[in-house]
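# Per-entry structural report
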Amino acid sequence: MSEIYTDLKYVRQLLPDGTTNDKAGIRFTKKNSDNEDVVVFVPMAEGNRHYDDIMKRVEEGTLTIEAAE
Amino acid sequence: MTTKIPAELVSEQVFGRRNLIINGAMRVAQRGTSATALTSGGLFLLDRFKGIESTNGAATVEQSTDTPAGFAKSLKLAVTTADTDMGGGQYSQIKYVVEAQDLQRLNYGTSDAETITLSFWVKSSKTGTYCISIVKHDSTAYFYVKEYTISSANTWEKKTITITPTAGSTTFITNSAGAIADDNGDGLQLGWFLSAGTTYNGATDDAWSSNSNHYATSNQVNWMDNTSNDFYLTGVQLEVGDNATPFEHLTFGEELTLCQRYYQKYGPYGTNVYPLGPSGYCYAGTAHALGHNPIVSLRANPDLEITGTLQIRGAQNDGGNDARDVASATVTLGNNSILWNVNAAAGATIGTTPIVGGGTNTTFFAYDSEL
């Protein structure tokens, strides 16, 4: 079964050169072992297990990433 | 550390860091130790070992002090909601993934492929036949299953499973498609199956297969069928050779350092609000670039996990204890360095040199680079 990603969105970043990257990363939220809220920032990098999983499912059409706020 | 190895095993075994498993004694638990509900996507509590429960029931994972002699900790699973009828695509398991470049000594993909031996201590209130699954993903994926039996309820038993590269009279592993890439990816997946529906339980015992649904045999018990069921695991060792040697104990520091390649945690201090590490410069009213040297080299570009309110501190020339909540962040792994690009609340002064700190005394962050 697949991991459940709550509140999945792209991350917008203002870069040092003054440009803005609307897909600088991906974020989602989860609970940790103490039931605390955890915000997870996923890099846009192959080899990261969450990035690989999210992109595979986006390509399959089973997952959608919201635009950055 | 001293390990006694019987003379009859000496001639055939590898010595020095025999164990390919990290945290096999279940001592390192950076994320927590108390009972936590498993999820269908899987949950790491004890380092490197992932619990997965994808059924109509529910189960928890925790670190336990119930162990066989010579061990201090074990991984414990317990059923909290029973599922007496495993659906076709349902299953539950404990999963461990070995990094590919650490498996080159196995010579998979050649006619010299090595026999490997998995040993572990197990205890459960539910007796019967269980299955170990091994999956080799690189190149062409191949699947191996071996049954073992828990004979006595609530009794620690040591199990030894020897996996030959030609198990089931196959040549999958000794042909070139059996190779494991020399990289930082997924090498071998080990699964201690606790239940498996008909989609996944069609494997043949002690045989390699190319069928991607072969994770267990039809003899696999349904451990999820009663809320009194528990399952303990420790002393996990995977080594090259035909025999199981005694468990290779490392110091806690060694084991923790090995785990930190896959997960490392910074803070909390618990008593006050202090800097947590990364420092850098402000390049816009809301934007900051910071650098951080991780404790040990991470396997791959990690997730940044933030628990609590992380803040940028010292980014304003007001002479005070300026603190701005982190709104978003991206991390990029360099050579033993991590670049943070952080967006925080507006009003920072360009050219200041802020640091990352906790907004409360329970705030912490972690890098997650697990397989």
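Our structure's up above, just so we're on the same page.
Report on the accompanying structure. (Residues numbered from 1 in each chain as written. Chains lettered and ligands numbered in written order. Predicted model: local features only at pLDDT ≥ 70, side-chain atom pairs only at ≥ 80, totals over all residues. Heavy atoms only, no water.)

For the rest of this paragraph, the subject is the overall build of chain A. Regarding its fold elements, chain A presents one helix and three strands. Mapped in sequence order, the helices and strands of chain A form the string β-β-β-α. By its C-alpha atoms, chain A is 40 × 30 × 20 Å across when sized along the principal axes. Taken across its 69 residues, chain A has 43% of its residues classed as buried. Considering only residue pairs separated by 6 or more positions, chain A has 32% of its internal contacts joining residues 24 or more positions apart. Of the roughly 3,900 Å² that chain A leaves accessible, carbon and sulfur atoms contribute 46%. Across chain A, 9 positive and 14 negative side-chain charges occur, with their mean positions spaced 2 Å apart. (Helix = DSSP H or I, 4+ residues; strand = E, 2+ residues; numbered from the N terminus. Buried < 20%, exposed > 50% of the residue type's maximum accessible area, 1.4 Å probe, protein only. Contact = heavy atoms within 4.5 Å. Areas by Shrake-Rupley, 256 points an atom, 1.4 Å probe, with all protein chains shown as cover. Lys, Arg positive; Asp, Glu negative; His and termini not counted. Charge placed at Lys NZ, Arg CZ, Asp CG, Glu CD.)

Moving on, we get to the pairing of strand E21 (residues 355-358) of chain B. Judged from the two bridges that link them, strand E15 (residues 275-282) of chain B and E21(B) form a sheet pairing that is antiparallel. Looking at the pairing, Pro275(B) lines up with Gly357(B) of E21(B). (Pairing = 2+ DSSP bridges.)

All names here are of chain B. In terms of nonpolar packing, the biggest core is built from 59 residues, with Phe-120, Tyr-148, Leu-190, Trp-192 and Phe-231 touching the most fellow members. Counting residues per element, this core draws most heavily on strand E13 (residues 230-240), which supplies five residues. Judged by nonpolar contacts, the second largest core, of 23 residues, contains Leu-276, Leu-290, Ile-306 and Ala-329. (Core = buried A, V, L, I, M, F, W, Y, C linked by side-chain atoms within 4.5 Å.)

Glancing now at the interface of chain A and chain B. Residue-level contacts link 29 residues of chain A with 37 residues of chain B. Each partner contributes to the roughly 2,400 Å² buried at the junction of chain A and chain B, and carbon and sulfur atoms together form 46% of this total. Our enumeration of links across chain A and chain B arrives at two salt bridges. Among the ionic pairs, Lys30(A) bridges to Glu305(B), the shortest N-O distance being 2.9 Å. Among the elements of the structure, strand E1 (6-14), strand E2 (20-31), strand E3 (37-43) and helix H1 (49-60) of chain A are those that each provide at least two residues to the side of chain A that touches chain B. Broken down by element, the side of chain A that touches chain B gets its largest block of residues, seven residues, from E3(A). (Buried area = accessible area lost by both parts, 1.4 Å probe. Salt bridge = Lys/Arg side-chain N within 4 Å of Asp/Glu carboxyl O.)

All names here are of chain B. One open sheet holds the seven strands; their spatial order is E2-E3-E6-E11-E8-E9-E12, and the pairing between them is antiparallel. The sheet is open, and its two edges are formed by strand E2 (43-44) and strand E12 (207-209), each paired on a single side. Judged from the two bridges that link them, E2 and strand E3 (residues 50-54) form a sheet pairing that is antiparallel. Note on E3: the bridge partner recorded for Leu-43 is Gly-51.

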